[in-house]
Amino acid sequence: MIEEKALNAIIKKLKESGVSHVVVIPAEDIVIDERVRLKCQVPLCESYNKNLTCPPNVPSVDEFRRVLDRFTRAILVQMSDTLTENRQDAFVLANRLHELINLGETEAFKVGFRFAMGFIGSCCRLCDECAGVIPGEPCRFPFKARPSMSAMGIDVIATATKAGLPVEFPVSDTVTWTGIILL
Ligand code: SF4
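The shown structure was predicted, so the numbers you read here are calculated from the model rather than taken from an experiment.

Reading the values: rules and limits
Residues numbered from 1 in each chain as written. Predicted model: local features only at pLDDT ≥ 70, side-chain atom pairs only at ≥ 80, totals over all residues. Helix = DSSP H or I, 4+ residues; strand = E, 2+ residues; numbered from the N terminus. Rg over C-alpha atoms; globule rule 2.2 N^0.38 Å. Buried ≥ 20, exposed ≤ 12 C-beta atoms within 10 Å, placed from the backbone. Contact = placed C-beta atoms within 7 Å. Near = placed C-beta within 6 Å. Nonpolar A, V, L, I, M, F, W, Y, C, P; charged D, E, K, R; others polar. Core = buried A, V, L, I, M, F, W, Y, C linked by C-beta atoms within 7 Å. Pairing = 2+ DSSP bridges. Axes fitted to C-alpha atoms, helices over the stretch in contact; angles between N-to-C directions.

K.L.:
Can you break down the overall build of the chain residue by residue, with the values?
P.N.:
Looking only at helices and strands, the chain has 5 helices and 4 strands in total. Helices (α) and strands (β) of the chain occur, in sequence order from the N terminus, as α-β-α-α-β-α-β-α-β. Relative to the compact-globule value of 16 Å for 183 residues, the chain shows a C-alpha radius of gyration of 16 Å, a close match. Along the longest, intermediate and shortest principal axes, the C-alpha atoms of the chain span 45 × 35 × 30 Å. The 183 residues of the chain split such that 37% are buried. Of the contacts formed within the chain by residues at least 6 apart in sequence, a portion of 78% connects residues at least 24 apart.

K.L.:
I'd like to hear about the site of the ligand, residue by residue, with values.
P.N.:
Inspection of the region around the ligand gives 13 residues, with C124, C127, C130, A131 and C139 positioned closest. In terms of residue class, the shell around the ligand is made up of 9 nonpolar, 3 polar and 1 charged.

K.L.:
Could you give an account of the nonpolar core, naming the residues involved and the relevant values?
P.N.:
Core analysis: the largest hydrophobic core is formed by 45 residues, its most contacted members being I75, L76, V77, L97, I180 and I181. Elements supplying a minimum of two residues to this core: α1 (2-16), α3 (61-68), β2 (73-82), α4 (87-110), α5 (156-162) and β4 (174-182). Considering each element in turn, this core owes the most residues, 6 residues, to α4. In contact with L76, other than residues within four places in its own chain, are V22, V23, I25, A160, A163, L165, T178 and I180.

K.L.:
Tell me about the pairing of β2, and please be specific about residues and values.
P.N.:
Of the strand pairs in this sheet, strand β1 (residues 21-26) and β2 are connected by 6 bridges, and their pairing is antiparallel. When the bridges of β2 are listed, I25 appears paired with A74. Bridge analysis of β2 against β4 gives 9 bridges, and the strand direction is antiparallel. Residue pairing for β4: V77 is matched across the bridge by G179.

K.L.:
Any details on the sheet that holds β4? Residues and values, ideally.
P.N.:
With respect to topology, 4 strands assemble into an open sheet ordered β1-β2-β4-β3, the strand pairing being antiparallel. Two strands close off the open sheet at either side, each with one partner strand: β1 and β3 (117-119). For this sheet the average axis-to-axis angle between neighbouring strands, irrespective of direction, equals 20 degrees. Sheet strands in contact with α4 are β2, β3 and β4, and its direction is about 20 degrees off that of β4.

K.L.:
Describe the environment of P138, and please don't skip the residues or the numbers.
P.N.:
Tracing the sequence through the fold places P138 in the loop between β3 and α5. With 25 residues separating them along the chain, P138 and A163 place their C-alpha atoms 36 Å apart.

K.L.:
A description of the environment of I181 should follow, citing residues and the corresponding values.
P.N.:
Mapped onto the fold, I181 is located in strand β4. Sequence spacing of I181 and I101 is 80 residues, and the spatial spacing of their C-alpha atoms is 6.8 Å. Once you skip the residues sitting within four places of it in the chain, I181 turns out to touch A74, I75, I101, G104, E105, A108, A116, M117 and G118.

Structure below.
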């Protein structure tokens, strides 16, 4: 009962902060697929080994799967907007989702989910150029930076679809970023 009240408080805060969609799901409904991680390398993503929140700088899919087993629920969060010709607009939206995931994670921690952990919708873009391009350079905002769901091997589309959230793939008119907070 206390947990439901705490969850409702987080959801309310996220809605007030402007998320497009938010839903609570059982952690076991999160779909993990090794092919998602392989997509970081085939074809090679420009952020691979260049962004500190991307592979190979994050735990393996196996390790994440084991850790995920320890969580019971999760909050799926989406930000959607009409796609414009300016590619940068989509990343502004991705950064907004990043802020809201961090906000939701903080709120969850405050109400007692001490292992609350957020994952965003693309690689961390808090800096114009990630410190990861320079070998050995530390993250500039380690408490704010978060990896993406995909970096952990989460099949975002399958997970969102299972949760009844809208997904458009391939993207045409609407861009949607999905993040998650494990509880
Ligand atoms: S905060 Fe900056 S340095 Fe750290 S992971 Fe994000 S982009 Fe890279």
